[in-house]
Each structure stands twice: as structure tokens, then as C-alpha cells.
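Each chain, letter by letter, is given below.
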Amino acid sequence: MKLQRTPSGQHVPRLREAGPAASRKGVEGNPNRTERFQVVIYLAKTSPAFPELEMRSCEEYALAYDWEVPLTVVDDEMEKSPEQRPLLLAALQTVKDRGAGAILVPSRATVSPIDGEFDEFAAQVEKAGGFLQVARR
């Protein structure tokens, strides 16, 4: 199991300028700045290798929509049902705590290969105020 904060680099700024007159003050004191939409990337580790392609796919999807990724979760407990995976539940808790507005996954099977389980988890994310998004290539 691995839970990590996604570092923000120069290519992925934490805040985006909303207008040319925006100053370098924080969002709190500057009405000209907006926060970017936050998503948690949730990945399944089904082999000993790190799921690099899946992570890249999700990062590119988030970038295409100008979403910020403050948290990436890599879970190796894929044989359990969604409600029995602590790291998937941690991603859900991030949505409940308003730390993110969505969970981004590379495929539906990342949550569950069973449609009913995927749909149930998606409903939990929606009830928490967010959504579950599959990164389409």
C-alpha cells in the first residue's frame, strides 16, 4: 500500500491567475485568484511493478481539464471489495472532507471489475459531494 502527496512542480501550479491584475498574495486575500479543482488519483497495483502508464494516463487527463492532483493513492489490495480497501476509503474520505471534488481512476476495474460494486462506490462518492471519473484515453 502506498499513499503519497503529489508534489506540485512548475508545470502544475497550485493556483491559477484569474486576471492580469492578480497579485502574488494568497487566495484568501486576493479576489482575482481562483483555486483549481482538486482530484485524487487512485491507482491499482496489480503486479510488483509501479502502475506508471495508468498514473500517466490519469495525470494527462487531469491536466487536460486543468485539475490539480494533491493526492495520488497506489493500492495493492485489489483482491478485496471496495468497502474493504482502506486506501480507496481514504480517497473517499478526502472527498468527504472537501480536500478533493473527485476521484480519478484509469479504468472502472480499478475500483471493481463488477459493475454493481463500481456503481455502489460511485454512488458513495456522489453522496459525499464529489464524483468518480474514469480517465478516458
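The structure under discussion appears in the preceding block.
Reference entry: report on the structure contained in this document. Along each chain, the written sequence defines residue order, and numbers are assigned to residues from 1. Given that this is a predicted model, residues contribute local features only at a pLDDT of at least 70 and side-chain atom pairs are listed and counted only at 80 or more, while totals for whole chains, interfaces and linings are drawn from all residues. To get the side-chain values, all heavy atoms of the structure are used, and hydrogens and water are removed first.

1. Structural notes on unusual backbone geometry
And step 1. Here Asp 66, not a glycine, exhibits a phi torsion of approximately 60 degrees, which is positive.
And step 2. The backbone of Arg 98 shows a phi angle near 65 degrees, a positive value even though the residue is not glycine.
And step 3. If you trace the backbone, Arg 98 turns up in the loop between helix H2 (86-96) and strand E6 (102-105). Put simply, DSSP marks the helices as runs of H or I at least four residues long and the strands as runs of E at least two long, and each gets a number from the N terminus on.

2. Looking at the nonpolar core
And step 1. Throughout, nonpolar core names a set of buried Ala, Val, Leu, Ile, Met, Phe, Trp, Tyr and Cys residues whose side chains join them through atoms within 4.5 Å. Accessible area is worked out with a 1.4 Å probe on protein chains only. A residue is then buried under 20% of its type maximum, exposed over 50%, and partly exposed in between. The biggest cluster of nonpolar side chains holds 20 residues, and the ones touching the most others in it are Ile 103, Val 105, Val 111, Phe 121 and Leu 132.
And step 2. Elements supplying a minimum of two residues to this core: strand E4 (38-44), strand E5 (68-75), H2, E6, helix H4 (115-127) and strand E7 (131-134).
And step 3. It is H2 that provides the largest number of residues to this core, a total of five residues.
And step 4. Contact criterion: two residues are considered in contact whenever any of their non-hydrogen atoms come within 4.5 Å of each other. With residues up to four places along the chain from it excluded, the contact list for Leu 132 reads Ile 103, Val 105, Val 111, Phe 118, Phe 121, Ala 122 and Val 125.
And step 5. Among the nonpolar cores identified, the runner-up in size contains 13 residues, and Ala 62, Val 69, Val 74 and Leu 104 belong to it.

3. Here we look at the environment of Gly 130
And step 1. Looking at the element boundaries, Gly 130 is found in the loop between H4 and E7.
And step 2. C-alpha separation for the pair Gly 130 and Ala 102, spaced 28 residues apart in sequence, amounts to 5.0 Å.
And step 3. Discounting chain neighbours no more than four positions away, the residues touching Gly 130 are Val 95, Gly 101 and Val 125.

4. Comments concerning the environment of Cys 58
And step 1. Looking at the element boundaries, Cys 58 is found in helix H1 (residues 52-64).
And step 2. In this structure Cys 58 comes out as buried when scored by relative accessible area, which is 0%.
And step 3. Through-space distance from the C-alpha of Cys 58 to that of Thr 72 is 10.0 Å; in sequence the pair is 14 residues apart.
And step 4. Not counting the four nearest positions on each side in its chain, Cys 58 is found in contact with Ile 41, Leu 43, Leu 104, Val 105, Pro 106 and Ala 135.

5. Some thoughts on the pairing of E5
And step 1. In terms of burial, E5 is largely enclosed, as eight of its eight residues are buried.
And step 2. Bridge count for E4 against E5 is six bridges, and the pairing is parallel. Across the sheet, Val 40 pairs through a bridge with Leu 71, a residue of E5.
And step 3. What joins E4 to E5 is H1, and the crossover it makes is right-handed. For two strands to pair, DSSP has to find at least two bridges joining them. By convention, orient the strands away from the viewer: a clockwise path from the first strand over the helix to the second makes the crossover right-handed.

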